[in-house]
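Architecture and fold: a report
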Amino acid sequence: MDKPVCFIDTDSAGKLCVQQSALQILEQIQQPVVVVAVVGLYRTGKSYLMNRLAGKQTGFALGSTIESKTKGIWMWCVSHPTKAGTTLVLLDTEGLGDVDKGDPKHDTNIFSLAVLLSSTLVYNSRGTIDNKAVMDLQYVTELSECIKVKSSDEDADDSSEFVKFFPSFIWAVRDFTLELKIDGKDVTEDEYLEFALKLKPGTSRSVMEYNFPRECIQKFFPSRKCFTFPFPTTPENMSRLGSLDSADISSEFLKVTDHFCQFVSHDSCVKRLKDGHTVTGRVLGHLAKTYVDTISSGAVPCLENAVIAMAMIENEAAVKEGLQVYQSGMEKLKGSFPLELKDVSSKHQHLSSMATQAFMKRSFRDTDGKYLKSLEEKINKLFDEYLCQNKQASKKRCEEILSSLSAPMMEKLKKGFYAKPGAYDLFCKDLEDIGKKYNSQAKKEVKAEEVLEEFLKQKSVDSKAILQADKKLTEKEKKIKEEKEKAALLEQEIRAKEEKQRQLEQKMEAERQSNEERMRQMKDKMDEEMKLQREEAERAMDSKLREQAVLLQKGFKEKADVMRQETEELKRRSAEAETNRAREFGAILENFNQRHEKFMAMMMQQHREHMMAMQQTNAHSSDSCCTM
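All values reported here derive from a predicted model rather than from experimental measurement. (Residues numbered from 1 in each chain as written. Predicted model: local features only at pLDDT ≥ 70, side-chain atom pairs only at ≥ 80, totals over all residues. Heavy atoms only, no water.)

**Quick notes on the pairing of strand β10 (residues 224-228)**
Selection criterion: Only protein chains enter the accessibility calculation, which uses a 1.4 Å probe; a residue is then buried when its area is under 20% of its type maximum, exposed when over 50%, and partly exposed in between. Where helices and strands are cited, they refer to DSSP runs of H or I of at least four residues and of E of at least two residues respectively, numbered from the N terminus. Two strands form a pair only when DSSP identifies at least two bridges running between them.
Most of β10 sits out of view: 4 of its 5 residues are buried. Looking at chain direction, strand β7 (residues 168-174) and β10 are connected through 5 bridges and run parallel. Pairing of isoleucine 170 across the sheet is with lysine 225, part of β10.

Pasting the structure below:
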């Protein structure tokens, strides 16, 4: 994108809505996205920072009056400066605290959307992180009422699980005028932030009001950092640096801003859904639509519902994508039909594996394997259709070969060449020559034996007529030759059945190998999902344990005990979730194995029926030999 576009706006009824043009842009982004959102009070220079993060001087609207310039949420998608194959999505949000807004919940909704959609949340403020600055971030105290993790219990407080999916947090302090010292000792910016968020002991109302927003920040954003801009960005503060002129100040500020951009790029991770699924631009668009529609309806956005909705959309698209991979490859192969069965089967196996891989890459939370089963069934149906088309092409080619080879014999028949004594042997010799040439030219065709069998049956009518009319042969000789011809026809019938049997066995082997590959890919996918789920739980546990240790260290034993209980509950839930997921995966694998066994049993039944037919044909052939 060469410029930002409006992403989320307010409609004529005052409700939030997602702009279709922005969704169309996101739909084209197949890469993982790093989403950086900036929030803060209006007229604090958020848009300027976002322009710099985009590597530009202009883009997001900048204001020079006391009015809020940005309305809703604006979006700018650019290539990530350091992460190859990743798109950086910048979200510039409407300034908080604008007195002209009619809806008192509007700011909370904007802040909640910034939290839900971003992987890094930048809170922009000016001056210092004092009590007023913390109280200005009151929206963080309302998150537990504005966001739900699970839909199962509407009244339950599941905010303890926010840590699993909330973005990393950067507090950017503009026009910072203090020295980074505490009790005379130099401190880092992060240490300064932790000092500003330090809780006060006591249970009075004023202390609780002081502590509550700090507790929420600590609880919801365990991964938090601070960045200060020590050079003034407002005219009234420039006079403090007496010895520097405006050009010097501008140059120094640009250096600090560039450092901030590097800081954000390094600290920002790819956006992930609950359970660790990577978010692409397309998924981000669907998420935004789901959250905004939910908020506009008056309901509370639920992470679980959003993930379920995304899973359905993405899994249906994953089936189509996998099928497209398979079908496009087989359509190219179709141009070379007819081919040997082993070549078609080999290509089918390769493309089936690629289709499953494409499906696995896009799908997530296919908890019962329904969508993978759908893909498998569609691919098998297509495979049967391509096999049928290959057989038809082979049959056509074989018939063309026989038509060409038998043309001289057919011409002789028309002219009565075989209507003379001794002509039967000549006819048989011509027929034998046709068979040899045909076998040489059509030996790799899947329908070679079957078409030859049908051809010989058709020519047996002419053969019988020529045999009966051949006056050179005695009745006994005619009888022997007739039985010999029947034996030859039976022998060809056996060869045709044997060829069908070989093809069935090849198909069974192809299915066995395809199933093995599919099961391997499924196991890899499941292992990866379990790993992401485990890592997510471990990150949440680590942050809880760190928070508990800090509370104990600072003497907040009661709060530390509450945190310990939350940690134990989180641990229990994570273990339960992992057990349930492992059980689901086991059931999926078992279902796929059962379906494979059922399919193989059906093919084995066909195999047995072919074998019985061959045995009966062989028995007839033996009887004919005995008669001769």
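**Some details on unusual backbone geometry**
The peptide bond linking phenylalanine 337 to proline 338 adopts the cis configuration, its omega dihedral lying at 5°. You can see proline 338 is positioned in the loop between α11 (303-334) and α12 (341-362). Positive phi is not limited to glycine here, since aspartate 175 has a value of about 50°. In this structure, aspartate 175 sits in the loop between β7 and β8 (181-182). The phi dihedral of aspartate 183 falls on the positive side, at around 55°, and the residue is not glycine. Within the secondary structure, aspartate 183 is located in the loop between β8 and β9 (185-186). The exposed category is assigned to aspartate 183, whose relative accessible area is 76%.

**Quick word on the nonpolar core**
What counts is decided by this rule: We call a set of buried Ala, Val, Leu, Ile, Met, Phe, Trp, Tyr and Cys residues a nonpolar core when their side-chain atoms join them within 4.5 Å.
In this structure, Phe7, Phe111, Leu143 and Trp171 are the most contacted members of the largest nonpolar core, which totals 70 residues. The next biggest cluster of nonpolar side chains, apart from the first, holds 30 residues, and it includes Leu339, Leu372, Val446 and Met530.

**Some words on helix α10 (residues 281-296)**
Using the following cut-off: Take the residue count of a helix, subtract one, and multiply by 1.5 Å to get its expected span.
Between its first and last C-alpha, α10 extends 22 Å over 16 residues, near the 22 Å set by a 1.5 Å rise per residue. Of all the residues in α10, the buried ones are Gly281, Arg282, Val283, Leu284, Gly285, Leu287, Ala288, Tyr291, Val292, Ile295 and Ser296. Just beyond α10, the residue with positive phi is glycine 298, at close to 95°.

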